[in-house]
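# Summary of structural features
What follows is the residue order along each chain.
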Amino acid sequence: MSLIHEIDYGTPASKSEAMVTLTIDGQQINVPEGTSIMRASMEAGIKVPKLCATDMVDAFGSCRLCLVEIEGRNGTPASCTTPVAANMVVHTQTGRLKDIRRGVMELYISDHPLDCLTCAANGDCELQDMAGAVGLRDVRYGYEGDNHVKARSNGDINLKWMPKDESNPYFTYDPSKCIVCSRCVRACEEVQGTFALTIEGRGFGSRVSPGMHENFIESECVSCGACVQACPTATLTEKSVIEIGQPEHSAVTTCAYCGVGCSFKAEMRGEELVRMVPWKDGQANRGHSCVKGRFAYGYSTHKDRILNPMIREKVSDPWREVSWDEAFAHVASEFRRIQYQYGREAIGGITSSRCTNEETYLVQKLIRAGFGNNNVDTCARVCHSPTGYGLGQTFGTSAGTQNFDSVEQSDVVVIIGANPTDGHPVFGSRLKKRLRQGAKLIVIDPRRTDIVRSPHIEASYHLPLKPGTNVAVMTALAHVIVTEGLFDETFIRERCDWSEFEDWAGFVAEPQYSPEQTEIFTGVPAADLRGAARLFAKGGNGAIYYGLGVTEHSQGSTTVIAIANLAMATGNIGRPGVGVNPLRGQNNVQGSCDMGSFPHELPGYRHISDDATRDIFEKLWGVKLNDEPGLRIPNMLDAAVDGSFKGLYVQGEDILQSDPDTKHVAAGLAAMECVVVQDLFLNETANYAHVFLPGSTFLEKDGTFTNAERRINRVRKVMSPRNGYGDWEVTQKLAQAMGLNWNYTHPSEIMDEIAVTTPSFAMVSYDYLDKIGSVQWPCNEKNPLGSPIMHVDGFVRGKGKFIRTEYVATDERTGPRFPLLLTTGRTLSQYNVGAQTRRTENVVWHAEDRLEIHPHDAEQRGIRDGDWVKLGSRSGDTTLRSLITDRVAPGVVYTTFHHPNTQANVITTDFSDWATNCPEYKVTAVQVSPSNGPSEWQREYDEQARQSRRIASKLEAAE
């Protein structure tokens, strides 16, 4: 094994289709028009020395190392900023150029520390490489003069010297090694779009500065790592590289955080992970990353991680460590006993959206073939199940229509109920880049998120609707488009059912759906809504991106249908730059749905009642399948409280913290007789577990993830599982203990079975993915390279279906006791329930959940910023600290759900989407009042959790 090296071509590729022929160092080269001479040279294998150039950012031309000579032109132009021209003749190596380059390098080295042997970048330093490339052998200027290298010069304090900035937990900034190439500044601007870095000072006194001469940790830096990746010296260096040393081998794998599905090179020394480096060929991230994927992998070796199986008779007992064989035998025995005593339907399972497709497939197979029922569900139940229903009804498929590259061709972008800069930051950066290029933005959100207004970006319209009124706002937008004749009649007649459109158009055109009428209860000014509707309908390619602020409502499915209606009415489906795009929350929530994790569907979204589909699996699995849909997660908990559901296998999910109405979840778990949790840590659900099976991280397994754009990406094992088994092996051994004859030897065999049984995965195999990188389903004989854009020539269901979307107000209402509306979301540095990110240095940025409250509401209640407040609803109450801000409107409060000591979901209710049971997290009537300490529930919960996490004895290691 060796390190995977990527070629840096110096400047971005040209997208021109016109070709130009030129000669470089005697070689005739054919490249797209607009290509730089530097890139053309690199593509021909001719390396031009460079320091300020990198293909992640636009050419800058400041280092003067990449000079070339062009026949017929005077001077020595920079190859990075000079485009090719037809019949151009270029020379990259002449005596004149060599002398100039050596002179330039002398100046750089004269103001640079000569500590190469002890430098963390030794062996991975472009300055070092370029000094060798230009043949530098001497520095005539010496090292004792005016410099930035030493703290003292001739015994006096050197005012040009600056100390290291160690404030960021993940990387250091050493100004003495900075050559002021501006690559970090440009990466922050062009790739990330945060504009946190600048060049302060002038001439010889210029230096890179975070913000206004701040420390990195205090600046606007979001620690995405783009600056560290761009730095050609040891100025910006990962602390892990300083501590461990340079990596020796690497493998390309996929991030296990959000649904963007970024590709990384996991760079290793032995089995120790040195760093995660974004892979430029990753088609979801194109070489970019965020703080979580780039740096927050330390949870994999955290001391809290459980490495041995444990069992206990009662949840009040301490845990007892046992062997794997004993654990499997115990679970199999208990599940058999429960089914014998209470019936076949008395047990079920929950698959993980953090595990691989292969592992998820095995869990649902175990439940259907081993348990003999369809009581299987997944976390999509509580996030994007309305996406599956709504898009399935209107388009015929339950997934996003575009790839992420598509945003580069969008002219108008609508973001509704999503916060991409926090929840999907790498896509957020790509979106911001397109907005800086001139695309228009419409944001529909009760909160002023960062995307509404940030450096060089401002939304054309921010529609701050009242939580729970999504359907009314979307129908009002449609009202404007229909009544003003802004719909695309040609597209509708060709691609949709015209009579259904006429019915829908007549419905939305009714006066009660006008912006003026809906403004009364949505709070969105009619003029703004009309302007937004006209912009979307007439502004060119229109793309809609949405998130949990759409789906986690009692009318979540209705809103998804309304979004689909709007896209069809304006003809924004089936080509690049348009589409309906759900931003999936977890790394493999799309895959967990694809793999048949719903109680009514087998893999590939085929209903369990379909005889032909069941026949495929029955013949392969050698069992008779139940044709009746099983229980959803809420139904399992209800049945547990009622006494008919007694056993649960939960792989990689923490339903006690993530699901709504925490008290009800706790009651359901407490009523069960055998709860099996398979996870990395003793999570909150494990407080009520009887068996704990230690899980493995994404670094310890082979498999695939499917991201929000339906992209199937490889996950590659880079270290041995610390618990002894990959998650797929644990499920297989449990199945074997229950009498199933499974004998997979590698996850690739599971994927082969998926391909045989699931039409949309028909051509997918590990060899195929290794060959082409990644692929978006459906990938079959009709679409051998996958389907980046869906519904190109027609909808999967045939004709697009318009469906009426009548607004029905939620049953959750404000009143004198609970006058405010709570909505919830995520923050950049934390992920989901925080089990992973809370065990990394990311807690520096978000150490606790805070309650955002408007100054007016805070003043009425006598609350100051940072005060402890009680947050109460009809379901329960908790305490947390306040954050007074005008990002939320009066009457609305907001918090995150990353920390279990807050447990925001003790507040949320059991109201849910009418079609899918997706909980209504985003609308909860609450009251906020000053508090002196934890609520009674928090105190009881902390004590129960403390008791539950006791481990009686450690299992001795084998001789």
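Residues numbered from 1 in each chain as written. Predicted model: local features only at pLDDT ≥ 70, side-chain atom pairs only at ≥ 80, totals over all residues. Heavy atoms only, no water.

### Some words on the overall build of the chain
- Scanning the chain from N- to C-terminus turns up 29 helices and 38 strands.
- In summary, the chain has a C-alpha radius of gyration of 29 Å against a globular reference of 30 Å for 959 residues, a match within 12%.
- The C-alpha extent of the chain, read off along each of the three principal axes, is 90 × 80 × 65 Å.
- Across the 959 residues that make up the chain, the buried fraction comes to 62%.
- The contacts of the chain with a sequence gap of at least 6 include a subset with a gap of at least 24, amounting to 72%.
- Counting only carbon and sulfur atoms, one obtains 49% of the accessible surface of the chain, whose full area is about 35,000 Å². (Helix = DSSP H or I, 4+ residues; strand = E, 2+ residues; numbered from the N terminus. Rg over C-alpha atoms; globule rule 2.2 N^0.38 Å. Buried < 20%, exposed > 50% of the residue type's maximum accessible area, 1.4 Å probe, protein only. Contact = heavy atoms within 4.5 Å. Areas by Shrake-Rupley, 256 points an atom, 1.4 Å probe, with all protein chains shown as cover.)

### Concerning the sheet that holds strand β4 (residues 89-91)
- Sheet architecture is open: 4 strands sit in the order β2-β1-β4-β3, paired in mixed fashion. Whereas interior strands pair on both sides, the edge strands pair on one side only; in this sheet they are β2 (27-32) and β3 (69-70).
- The sheet contact formed by β3 and β4 spans 2 bridges and is antiparallel. Paired with Ile-70 across the bridge in β4 is Val-90. (Pairing = 2+ DSSP bridges.)

### Focus: the environment of Phe-795
- Looking at the secondary structure, you find Phe-795 in the loop between β32 (774-776) and β33 (820-825).
- The spacing of Phe-795 and His-854 is 59 residues in sequence and 45 Å in space, taken between C-alpha atoms.
- Among all residues touching Phe-795, those that are not within four sequence positions of it are Phe-395, Phe-491, Arg-495, Cys-496, Met-568, Ile-573 and Gly-800.

### Side note on the pairing of strand β30 (residues 703-706)
- Side-chain alternation along β30 places Gly-703 and Phe-705 on one buried face and Thr-704 and Thr-706 on a second face that is also buried.
- Here β30 folds back onto strand β31 (residues 711-715), and the loop between the two strands holds 4 residues, one of which, Arg-710, carries a positive phi near 70°.

### Description of the pairing of β33
- In terms of burial, β33 is a largely internal element, 6 of the 6 residues being buried.
- Burial along β33 is two-sided: Leu-820, Leu-822 and Thr-824 and Leu-821, Thr-823 and Gly-825, pointing in opposite directions, are all buried.
- Looking at chain direction, β33 and strand β38 (residues 924-930) are connected through 3 bridges and run antiparallel. From the neighbouring strand, Leu-821 faces β38, where its bridge partner is Ala-925.
- Inspection of the sheet shows β33 paired to strand β37 (residues 892-896) by 5 bridges, in the parallel sense. Bridged to Thr-823 within β37 is Tyr-894.

### Let's talk about helix α4 (residues 183-192)
- Counting buried residues in α4 gives 9 out of 10 residues, a clear majority hidden from the surface.
- Looking at α4, one finds that the buried residues are Arg-183, Cys-184, Val-185, Arg-186, Ala-187, Cys-188, Glu-190, Val-191 and Gln-192.
- Backbone geometry just after α4 places Gly-193 at a positive phi near 80°.

### Focus: helix α9 (residues 357-371)
- Compared with the 21 Å implied by 1.5 Å per residue over 15 residues, the 20 Å span of α9 between its first and last C-alpha is a close match.
- Counted residue by residue, α9 has 14 buried out of 15 residues, so it is predominantly covered.
- Directly beyond the C-terminal end of α9, a positive phi value near 80° is found at Gly-372. (Expected span 1.5 Å × (residues − 1).)

### What to know about the nonpolar core
- Core analysis: the largest hydrophobic core is formed by 65 residues, its most contacted members being Phe-171 and Leu-236.
- Broken down by element, this core gets its largest block of residues, 4 residues, from helix α12 (residues 425-436).
- Among residues more than four places away in sequence, those in contact with Phe-171 are Asp-165, Phe-216, Cys-221, Ser-223, Cys-227, Val-228, Leu-236, Thr-237, Glu-238, Lys-239 and Phe-295.
- In terms of nonpolar packing, the next biggest core, distinct from the first, is built from 51 residues, Ile-338, Ala-399, Ile-750 and Tyr-768 among them. (Core = buried A, V, L, I, M, F, W, Y, C linked by side-chain atoms within 4.5 Å.)

### Things to note about the packing of helix α13 (residues 470-483) against helix α19 (residues 556-569)
- At a minimum axis distance of 9 Å, the contact between α13 and α19 shows a crossing angle of 20°. Judged by the angle between their axes, α13 and α19 are roughly parallel. For the pair α13 and α19, the sense of crossing is left-handed. Contact residues: α13 offers Asn-470, Val-471, Met-474, Leu-477, Ala-478 and Ile-481, while α19 offers Thr-558, Thr-559, Ala-562, Ile-563 and Leu-566.
- For the contact of α13 with α19, the class distribution of residues is 8 nonpolar, 3 polar and no charged. (Axes fitted to C-alpha atoms, helices over the stretch in contact; angles between N-to-C directions. Parallel < 35°, antiparallel > 145°, perpendicular 65-115°, else oblique. Left-handed = near helix turned anticlockwise from the far one by under 90°. Nonpolar A, V, L, I, M, F, W, Y, C, P; charged D, E, K, R; others polar.)

### A closer look at the domain arrangement of the chain
- Taken as a whole, the chain is organised into domain 1 (19-134), domain 2 (152-301), domain 3 (310-377 + 590-776), domain 4 (401-582) and domain 5 (820-947).
- Computed over C-alpha atoms only, the centres of domain 3 and domain 5 are separated by 30 Å.
- Of the residues lining the interface, 17 residues belong to domain 3; the matching set on domain 5 comes to 28 residues.
- Of the roughly 2,000 Å² buried between domain 3 and domain 5 on both sides combined, carbon and sulfur atoms contribute 48%. (Domains from an automatic or database assignment. Buried area = accessible area lost by both parts, 1.4 Å probe.)

### A word on the sheet that holds strand β11 (residues 249-254)
- Read across the open sheet, the 3 strands follow the order β11-β12-β13; overall the sheet is antiparallel. Each having just a single partner strand, β11 and β13 (272-278) make up the two edges of the open sheet. Pairwise comparison of adjacent strand axes, ignoring direction, gives a mean angle of 30° for this sheet.

### Section: the environment of Glu-806
- Residue placement: Glu-806 occurs in the loop between β32 and β33.
- For Glu-806 and Gly-245, which are 561 residues apart along the polypeptide, the C-alpha to C-alpha distance reads 61 Å.
- When near neighbours in sequence (up to four residues on either side) are disregarded, Glu-806 contacts Val-471, Phe-507, Tyr-513, Gln-555 and Thr-558.

### Points about the packing of aromatic side chains
- A full pass over the atoms with the stated rule returns 28 aromatic pairs.
- Between Phe-171 and Phe-216, the aromatic rings sit 5.2 Å apart at their centres with planes inclined by 85°, giving edge-to-face as the arrangement. Of the two residues, Phe-171 is situated in strand β7 (residues 171-173) and Phe-216 in the loop between β9 (207-210) and α5 (226-230); the sequence distance between them amounts to 45 residues. In this pair, the class of Phe-171 matches that of Phe-216, namely buried.
- Between Tyr-361 and Trp-621, the ring centres sit 6.3 Å apart and the planes meet at 75°, which makes this aromatic pair edge-to-face. (Phe/Tyr/Trp six-rings, centres within 6.5 Å; stacked < 30°, edge-to-face > 60°.)

### A look at the UniProt feature "domain: 4Fe-4S Mo/W bis-MGD-type" (unreviewed entry) in the chain
- Here, UniProt's "domain: 4Fe-4S Mo/W bis-MGD-type" (unreviewed entry) annotation points to residues 248-304.
- Secondary structure across residues 248-304 comprises 9% helix and 35% strand; the distance between its end C-alpha atoms is 28 Å. (UniProt positions renumbered as here; feature names shortened; annotations may be inferred.)

### Details of empty space enclosed by the protein
- What the rule picks out here adds up to 10 cavities of 30 Å³ or more.
- Quantified by volume, the largest cavity comes out at close to 620 Å³.
- Leu-548, Gly-549, Thr-824, Gly-825 and Lys-922 are the residues nearest the centre of the largest cavity, which is lined by 40 residues in total.
- Secondary-structure elements contributing two or more residues to the lining of the largest cavity are α11 (420-423), α18 (548-551) and β33.
- Among the elements that line the lining of the largest cavity, the one with the most residues is β33, at 3 residues.
- Residues belonging to the lining of the largest cavity are distributed by class as follows: 14 nonpolar, 18 polar and 8 charged.
- Three or more residues apiece are contributed to the lining of the largest cavity by two domains, here domain 4 (401-582) and domain 5 (820-947).
- Size it by volume and the second largest cavity reaches roughly 210 Å³.
- Partitioned by chemical class, the residues of the lining of the second largest cavity number 8 nonpolar, 8 polar and 4 charged. (1 Å grid on protein atoms, 1.4 Å probe; cavity = no way out; pocket = protein on both sides within 12 Å on 5 of 7 lines; lining within 4 Å. Points joined across faces, edges and corners; volume = space filled by probe spheres on them.)

### Examining the environment of Glu-684
- Summarising the element assignment, Glu-684 is placed in the loop between β28 (674-679) and β29 (691-694).
- Classification of Glu-684 as buried rests on a relative accessible area of 5%.
- For the pair Glu-684 and Ala-945, spaced 261 residues apart in sequence, the C-alpha separation works out to 7.5 Å.
- Residues contacting Glu-684, with those up to four places away along its chain left out, are Asp-654, Leu-656, Gln-657, Pro-900, Gln-903, Tyr-941 and Arg-949.
- Side-chain polar atoms of Glu-684 contact the side chain of Arg-949, separated by 2.8 Å. (Polar contact = N/O pair within 3.5 Å; in protein donor to acceptor, adjacent residues only side chain to side chain.)

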